[in-house]
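Structure assessment
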Amino acid sequence: MAARVKKYSTGLELVLCSCERELLCVLTEDEELVFSFVFALQDRASELLAPALQQMFALSGRKIADLCRIGCVRGPGSFTGIRLVLATAQALRRTTKARLAALDYMQALATSLAMNEHLLYGRKIWITTHARRDLVHLAGFVSYGPVIPAVCTEPVHLIAPEAAVAKIAADCDTADKPVLVAGSALHRHAALFAAAEEKSGRRLALRTLTAPTIDALRLLGRHGDYFPEDVEPLYIRPCDAIDNLPELSRRMGQDADHAVQELDRLLHAQVCDITRSE
């Protein structure tokens, strides 16, 4: 007798995430977990990802060619980590029939918190992650329960840690339950956020969560919107290489002012080309 095919099967689905210090990969089939791994070695992710994926499929008895969907956590976060995930997904899309979905890192963290603490509808969550020196990413969410992805109420801001604390404190004034805050910025600016928590009179509650959970990535992957197109990265902070260009030029024996002018010229030329093509 021929095997029965599920009418609404999601098939073989892969979710990739490398926005901060960890590289996370999750493989599911018809929404059931097949295999997952986490490397706390994001600086070596470029050399680890391809062999790890190959081993994942070999050990699970699945074939890469059978991939149906790939969820790509596109940022915000590490430029290198985001590019690695998106380039890998693009290559897999071209060699399989998989469609891609853009997933949000801040939403993954907020959903992880909602699932971990079994939050009910309406609980406010703020996620704040390290962006660069004296800057953090900040986004607001509301819980829709532990089985639905948290919903964004404020888009990602790139602001100073003090401004992030002020924005969260203002939200606490209108909340009927403690506002939860998590993310890597809490570790980077521990004293600042701890003082805000103490001053809030229990209206603000800090959490130690700094990485999305496997279950949250599975949930976001399940609810993603998939298309036969590449995913664009979500870069919020400016590239360090641009700010460091004058110093890098001097180290290479080149004129710093000329390097900056040449970059401006190339960027302007690229914008003109795009405008003409449209």
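Because the structure is predicted, anything quoted here is derived from the model rather than measured.

Looking only at helices and strands, the protein chain features 10 helices and 10 strands. By the burial criterion, 44% of the 278 residues in the protein chain qualify as buried. Long-range contacts, defined as pairs at least 24 residues apart, comprise 67% of the intrachain contacts of the protein chain with a sequence gap of at least 6. Carbon and sulfur atoms provide 53% of the accessible area of the protein chain, an area that totals close to 15400 Å².

Another aspect to go through is the layout of surface pockets. Estimated volume of the largest pocket: approximately 490 Å³. Glu-20, Arg-21, His-130, Ser-184 and Arg-188 are, among the 21 residues lining the largest pocket, the residues nearest its centre. When residues of the lining of the largest pocket are traced back to their parent elements, those giving at least two are β6 (124-132) and α5 (185-188). Residue composition of the lining of the largest pocket, by class: seven nonpolar, eight polar and six charged. Computed from the structure, the second largest pocket encloses a volume of approximately 160 Å³. Around the second largest pocket, the lining residues are Leu-119, Leu-120, Tyr-121, Gly-122, Arg-123, Lys-124, Thr-174, Ala-175, Asp-176, Lys-177, Pro-178 and Val-179.

Over its 16 residues, helix α1 (residues 45-60) runs 21 Å from end to end, which matches the ideal 22 Å to within 8%, given 1.5 Å per residue. When we look at burial in α1, the residues that qualify are Ala-45, Leu-48, Leu-49, Ala-52, Leu-53, Met-56, Phe-57 and Ser-60. Against the buried residues of α1 lie β1 (12-17), β2 (23-29), β3 (32-39), β4 (67-73) and α2 (79-95).

All right, on to the pairing of β2 then. Both faces of the sheet carry side chains from a regular strand, because those side chains alternate between them. Counting buried residues in β2 gives six out of seven residues, a clear majority hidden from the surface. Bridge count for β1 against β2 is six bridges, and the pairing is antiparallel. The partner of Leu-14 across the bridge, within β2, is Leu-27. Counting the residues between successive antiparallel strands, the hairpin from β1 to β2 contains five residues. One ladder, built from seven bridges, connects β2 with β3; its direction is antiparallel. Looking at the pairing, Cys-25 lines up with Phe-37 of β3. Hairpin remark: β2 followed by β3, antiparallel, with two residues in the connecting loop; positive phi at Asp-30, about 50°.

Bringing empty space enclosed by the protein into the picture now. The tally for this structure, following the rule as stated, stands at one cavity of 30 Å³ or more. Empty space within the largest cavity amounts to approximately 60 Å³. Taken together, Thr-10, Glu-13, Thr-28, Glu-31, Arg-69, Arg-218 and Arg-222 make up the full set of residues lining the largest cavity.

Moving on, we get to the side chain of Thr-96. Position of Thr-96 relative to the elements: it lies in the loop between α2 and β5 (99-103). Note on Thr-96: relative accessible area 14%, which makes it buried. Of note is the side chain of Thr-96, whose polar atom sits 2.7 Å from the backbone oxygen of Leu-92. At a separation of 3.1 Å, a polar atom in the side chain of Thr-96 contacts the main-chain amide nitrogen of Ala-98. Not counting the four nearest positions on each side in its chain, Thr-96 is found in contact with Ile-64, Ala-65 and Leu-67.

About the criteria used
- Residues numbered from 1 in each chain as written.
- Predicted model: local features only at pLDDT ≥ 70, side-chain atom pairs only at ≥ 80, totals over all residues.
- Heavy atoms only, no water.
- Helix = DSSP H or I, 4+ residues; strand = E, 2+ residues; numbered from the N terminus.
- Buried < 20%, exposed > 50% of the residue type's maximum accessible area, 1.4 Å probe, protein only.
- Contact = heavy atoms within 4.5 Å.
- Areas by Shrake-Rupley, 256 points an atom, 1.4 Å probe, with all protein chains shown as cover.
- 1 Å grid on protein atoms, 1.4 Å probe; cavity = no way out; pocket = protein on both sides within 12 Å on 5 of 7 lines; lining within 4 Å.
- Points joined across faces, edges and corners; volume = space filled by probe spheres on them.
- Nonpolar A, V, L, I, M, F, W, Y, C, P; charged D, E, K, R; others polar.
- Expected span 1.5 Å × (residues − 1).
- Pairing = 2+ DSSP bridges.
- Polar contact = N/O pair within 3.5 Å; in protein donor to acceptor, adjacent residues only side chain to side chain.

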